[in-house]
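# Architecture at a glance
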Amino acid sequence: MATPADAPAAGGNRSASLPITIERLVKSYGSFKALDDVSLSIRSGEFITLLGPSGSGKTTLLMVLAGFVRPQSGSVRFADREVVLLPPHKRDIGMVFQNYALFPHMTVAGNLAYPLKLRNVPAREIAGRVERALDLIQLSAFGERRIDQLSGGQRQRVALARAVIFEPRILLMDEPLSALDKNLREQMQLEVRRLHDRLGMTTVYVTHDQREALTMSDRIAVINRGRVVQLDRPRELYERPSTHFVASFIGESSTLPIEVRDGRASFAGAPLLSAAPAPAPASSAPSFLVLRPEKLRLLADAAPAEANVIAGHVRQNVFQGDSIVTYVRTASDHEIAIRRSLRTDEVLPEVGTAVRVGFSAEDAIIVPADADAPQTGRP
Amino acid sequence: MKFVAHALAAVALAATAGHVAPAAAQQTLTISSWGGAYQKAQREAWFNIVEKELGVTIKEETTSGVADVRAQVASGRPTWDLVQQGNYGCALLDKEGNTEPLTPAILGVKGIADNMKGKGWISNLVYATTLAWSDEKYRDKKPSSWADMWDTKTFPGGRTMRRSPVYALESALLADGVPMEKLYPLDTARAFKKLEAIKKDVVVWWASGAQSQQVLKDREVEMAAIWNGRAAALATEGEKVSLTFNQQMLLTDCWVVPKGAKNKDLAMKAIEIMSRPEVQARIALYINYGPANVEAFNTGIIKPEVAAKLPSSPENAKKGFVLDANYWAANLDELTKQFDLFIQR
Amino acid sequence: MTLALDQIAAGGTASGANEEALRRQAHGERRSMLALTLPALLLVGFVVLIPIGWLFWLSFVDKSGFTLIHYQRLLHPTYLLTLRTTFELAFTVTVVCLLLGYPLAYLASQLPRRWASLVLLCVLFPFWTSLLVRTYAWLVLLQRRGLVNTWLQKLGIIEEPLRLVHNFTGTAIGMTHIMLPFMVLPLYATMKTISEDYMRAAANLGASPIRAFWQIYVPLSFPGLAAGLIVVFVLSLGFYVTPALLGGGRVMMWAMQIERSTTVYADWGAASAMGVVLLVITLGILWLVSRLTGSAKLGEAR
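Residues numbered from 1 in each chain as written. Chains lettered and ligands numbered in written order. Predicted model: local features only at pLDDT ≥ 70, side-chain atom pairs only at ≥ 80, totals over all residues.

## Quick look at the overall build of chain C
Helix and strand counts for chain C stand at 14 helices and two strands. For 302 residues, the compact-globule estimate of 2.2 N^0.38 gives 19 Å, and chain C exceeds it by more than 25% at 27 Å. Principal axes of the C-alpha set define a box for chain C whose edges measure 95 × 70 × 40 Å. The buried share of chain C, taken over its 302 residues, is 33%. A separation threshold of at least 6 residues defines the contact pool for chain C, and within that pool the share at least 24 residues apart is 72%. (Helix = DSSP H or I, 4+ residues; strand = E, 2+ residues; numbered from the N terminus. Rg over C-alpha atoms; globule rule 2.2 N^0.38 Å. Buried ≥ 20, exposed ≤ 12 C-beta atoms within 10 Å, placed from the backbone. Contact = placed C-beta atoms within 7 Å.)

And the structure:
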């Protein structure tokens, strides 16, 4: 698995990656629209994540890219080449499956050699490349092992190596880390990202885990009900979600229904002094105020009034080690979560205590009330 | 098929066992026969007479062949007093010393030919392997001898013969021109050579009477070496099938008393009664088999039209010959192996 | 484990709280497990071990004691020929079952559940009719004036009826019909467990559908394939009724020779010897197959 940077593939100067252009893809199963007019431009060498709840269409989109699902209409181009009619075995793209799909009747080395054999790579060269690949995934001693003799993490690495050993310029990954336990998953997230950076191929990664998406991606396409709801870099997505769905799906948040009139927002009949609506919703539209727990402050009731304060009383404190989450219930019966790190000697507000929650105008996110997903309260 | 009959008979016996009143004072004679319709006919024709005359109760069992008798004798205490066997089975058991010698009273009964009895066995019933054919196939010229079975030019069509050297070798030699009275000991080399000539036309080597009946009925074959009762049954059903008693090969069923049988004296008396012409004749009233005692045909019990269909009636018997039980008792094993090799090749 | 460590910590004494009672409880559990398996063990003993032992014993004795005469008898060419026929027939039936059964099982495994059940129902249907009835049905179909020949003649394809039955061909057809479920069921069970992702992975790595099928799907179906092949072959070796009725007498199977030994020769010793030979051959095949499949896995690993 020589990286294109330090050892270009034999036979030419082909680039390490290809851009992908997806235009107006439609795929429906009966009345269910898995892909509802999806268009997406993925840059060459980019690590893009398709993020969405289960049934959103993200996996269907990946399957269309791989050629396993035939859409009703639309176009998929790798660079300038239309591939939507191309059978999967002619697409020359790597893929890591959710369950790895390593061939149990072959050894680790056999699995790695398989795509090379299919490409008629000379036996000597295969041996060398398999050996280097095994080195890279730190399984040099495991070449002769059968797949069922490997741990989950080892299988994961073999699957990854098999997907890239033939130097595809596009790599697809279908929730590849979902079967691993939390620590291993977090470690693998970094490894996968480093591998991508090293090999440079365009990578399309599917997950339903927003944290994983935020950790790994150049850009994230949030998908819901067969549509791309928002396409953006992780930080923009987190801080400037464009819809209520994105806001509630990415990161934790408390969502409060507000009314915006003449550029002024009010909550439960009381005006919020200076919430900056961005983007500005249409006049007097029903909207949501999205508050990230870590950007809120808990104010003592006696503190002087300031802008952007919501009153309520403490309902529950949840200790999480590195932080504590306090849930505050407002008089209008909405719940707001506040995450803080605690000083060792700090006393927690007792349940039932009247408190006020304060936030800065620039941390307030106002999104239109869309029909997508009326998720409120705890994420 | 026999197996099924035996099983049914056994079930029937078991079912009726509870209703038979225990004959406290009476002696019990145990007779084992082939079961089925045949044994029922024997009960009506013979066993009832024996019970009355000797004042005994006859308990019925069923047998499937010589192995049963061997086992009975080997056990040292046979529970069967009298057993029905096929004729070379009888001869074999006799040769092996598994039978009690017959009493002079039995040997004194007139009408049973010498080749139908031995030191320890005597025949009671005669059936035959005959040449039968489809009249639809052979409308004008009919086959009349085993030579016609081999004559596939005059009589084209499939043949069936029993999957056994018994009958097959005899019919081959007869077809080859050996006279009936000079068959034994068989010239087996000549017989197999002659069989080779017909082999490709033998569609089926039948293993059961039912099978021979079925292939002739379905016109899978046009000509058959078949038990007379089976061919007659087809004709009765309305099939256009005929048979000839010419060159028929007579085979008998016979009685033996297992060596060491508990009631052997009683058994001998029973055989003597069942061998008498007037008792023998009764069997033809209940089933389509002929009595072994030719005198039975002079008793007036068997009507002439019935006698005409029985292989052992004097008119028919003289057209054929009786299978040499002693020859087959001595050679069955080896010739069967040769025969099996021959049909498999 | 924890208990053991505790004991060591406590200075190696074997007197923790409730230890005796807990051990008794464990003992009791083992005893009741044994009691549960006992009927099965007895059954196996009575219906398998004792009869086989008896068979074995019978094959080595005659009136005068120990003898090899029953085995010497089997050297007669007729038995050798029968053994060959038996193997040829079993092999033919196995191959035909494979050729028919594999696509059938594959079809069933790819169909939606309801349709798959229908296909399997059709395959299983023979199980619910009597062996004799099925065999006679083939006779009716295949004989000279049977349906097949009549149709072929009416369609003008043949002039003279074909000899489809009372020979090797007819026997093989009848046996294949009866054996097919034994091939299809284990294959289907295995194929059902083969994830679609394997074929997708193969395609993704560049394998054409045909290569993926041969290089990935077939090897993955091997457990069911091996089971099907062995069951069909071994059961075919012991077949009796179908060859007896459809073989026209000239197709002699080993089991038919055993029957001949008991009914014609009344020779239980010879019959037992033949039974032992069949048993040994069957066990030999099973052993060979388990060796081969074992080394096949190792071979893949190399």
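Next comes the rest of the account.
## Quick word on the domain arrangement of chain A
All names here are of chain A. Each assigned domain of chain A is listed here: domain 1 (20–236) and domain 2 (240–368). Inter-centroid distance (C-alpha atoms) of domain 1 to domain 2 is 38 Å. On the side of domain 2, nine residues touch domain 1, which itself brings six residues to the contact. Every element with two or more residues in the side of domain 1 that touches domain 2 is listed here: β9 (219–224) and β10 (227–232). (Domains from an automatic or database assignment.)

## Quick notes on the sheet that holds strand β19 (residues 354–358) of chain A
Residue and element names in this part refer to chain A. Ordered by their spatial adjacency, five strands build an open sheet running β15-β19-β16-β17-β18, and the pairing between neighbours is antiparallel. Every other strand in the sheet has two partners, leaving β15 (297–299) and β18 (335–340) as the edge strands with one partner each. In this sheet, neighbouring strand axes are inclined to one another by 45° on average, regardless of whether the strands run parallel or antiparallel. Two strands pair when backbone bridges link them, and β15 and β19 are joined in this way by three bridges, in the antiparallel orientation. Within the sheet, the bridge partner assigned to Leu299 lies in β19 and is Arg356. (Pairing = 2+ DSSP bridges. Axes fitted to C-alpha atoms, helices over the stretch in contact; angles between N-to-C directions.)

## A few points about the environment of Gly229 of chain B
Of note, Gly229 of chain B is situated in helix α10 (residues 228–236). Along the backbone, Gly229 of chain B and Ile287 of chain B are 58 residues apart, and their C-alpha atoms lie at a distance of 9.7 Å.

## Considering the sheet that holds strand β7 (residues 170–174) of chain A
Residue and element names in this part refer to chain A. Reading across from one edge, β6-β7-β8-β3-β9-β10 is the order of the six strands in this open sheet, with mixed pairing throughout. At either margin of the open sheet sits one strand with a lone partner, and together these are β6 (94–96) and β10. Between one strand and the next, the sheet's axes are offset by a mean angle of 15°, whatever the strand orientation. Bridging between β6 and β7 involves three bridges; their strand directions are parallel. In the sheet register, Gly94 faces β7, and the bridge partner there is Leu171.

## Quick notes on the interface of chain C and chain A
Contacts between chain C and chain A engage 16 residues on the former and 20 residues on the latter. Within the residue set of the side of chain C that touches chain A, elements represented by two or more residues are α9 (196–204), α10 (209–220) and α14 (268–301) of chain C. Considering each element in turn, the side of chain C that touches chain A owes the most residues, six residues, to α9 of chain C. Residue composition of the side of chain C that touches chain A, by class: nine nonpolar, four polar and three charged. (Nonpolar A, V, L, I, M, F, W, Y, C, P; charged D, E, K, R; others polar.)

## Re the interface of chain C and chain B
Every contact between the two is made by 22 residues of chain C and, on the other side, 21 residues of chain B. For the side of chain C that touches chain B, the elements supplying multiple residues, two or more each, are α4 (77–110) and α13 (254–263) of chain C. Looking at the side of chain C that touches chain B, the element that brings in the most residues is α4 of chain C, giving five residues. Here the side of chain C that touches chain B is composed, by residue class, of eight nonpolar, ten polar and four charged.

## A few points about the arrangement of the chains
The top pair by number of contacts, from a total of two pairs of chains in contact, is chains B and C. No interface is formed between chain A and chain B, the nearest pair of C-alpha atoms being 44 Å apart.

## Observations regarding the packing of helix α7 (residues 165–175) of chain B against helix α8 (residues 188–199) of chain B
Residues and elements named next belong to chain B. Packing of α7 against α8 leaves a shortest axis separation of 8 Å and a crossing angle of 85°. With respect to their mutual orientation, α7 and α8 come out roughly perpendicular. Residues Ala168, Leu169, Ala172, Leu173 and Ala175 of α7 form the contact with α8, whose own contacting residues are Thr188, Arg190, Ala191, Lys194 and Leu195. Looking at the contact of α7 with α8, its residues break down into seven nonpolar, one polar and two charged. (Parallel < 35°, antiparallel > 145°, perpendicular 65-115°, else oblique.)

## Here's the deal with the domain arrangement of chain C
By the assigned domains, chain C splits into domain 1 (2–45) and domain 2 (72–301). The C-alpha centroid of domain 2 of chain C is placed 48 Å from the C-alpha centroid of domain 1 of chain C.

## As for α7 of chain B
Buried residues dominate α7 of chain B, accounting for eleven of its eleven residues. Among the residues of α7 of chain B, those classed as buried are Pro165, Val166, Tyr167, Ala168, Leu169, Glu170, Ser171, Ala172, Leu173, Leu174 and Ala175 of chain B.

## Some thoughts on the confidence of the model for chain A
Detailed reading of the predicted coordinates is not advisable wherever pLDDT is low. Residue and element names in this part refer to chain A. Overall, the prediction assigns chain A a mean pLDDT of 85, with 88% of residues at 70 or greater. Within the model, the stretch residues 1–13 combines pLDDT values under 50 with 20 contacts to residues more than four positions away or in other chains. In this model, residues 372–379 is a region of pLDDT below 50 whose contacts with residues beyond four sequence positions or in other chains number 16 contacts. (pLDDT = per-residue confidence, 0-100.)

## As for unusual backbone geometry
Residue Pro185 of chain B is reached from Tyr184 of chain B by a cis peptide bond, and omega for that bond is -5°. Of note in this structure, Tyr100 of chain A is not a glycine but carries a positive phi near 75°. By the secondary structure assignment, Tyr100 of chain A is in the loop between β6 and α2 (108–118). Backbone geometry at Gln138 of chain A places phi at a positive 55°, although glycine is not the residue there. Among the structural elements, Gln138 of chain A can be located in the loop between α3 (123–136) and α4 (152–164).

## With respect to the pairing of strand β2 (residues 56–62) of chain B
All names here are of chain B. Judged from the seven bridges that link them, strand β1 (residues 27–33) and β2 form a sheet pairing that is parallel. Bridging from a neighbouring strand, Thr30 pairs with Lys59 of β2. With helix α2 (residues 36–54) bridging β1 and the parallel β2, this β-α-β connection has right-handed handedness. (Right-handed = clockwise from strand over helix to strand, strands pointing away.)

## Thoughts on the pairing of β9 of chain A
Residue and element names in this part refer to chain A. Buried residues dominate β9, accounting for five of its six residues. Inspection of the sheet shows strand β3 (residues 47–51) paired to β9 by four bridges, in the parallel sense. The partner of Leu50 across the bridge, within β9, is Ala221. Taken together, the five bridges between β9 and β10 define a ladder with antiparallel strand orientation. Each residue of the ladder has a partner; that of Val222, found in β10, is Gln230. Once β9 ends, the chain turns through two residues before running back antiparallel as β10, passing Arg225 with a positive phi of about 50°.

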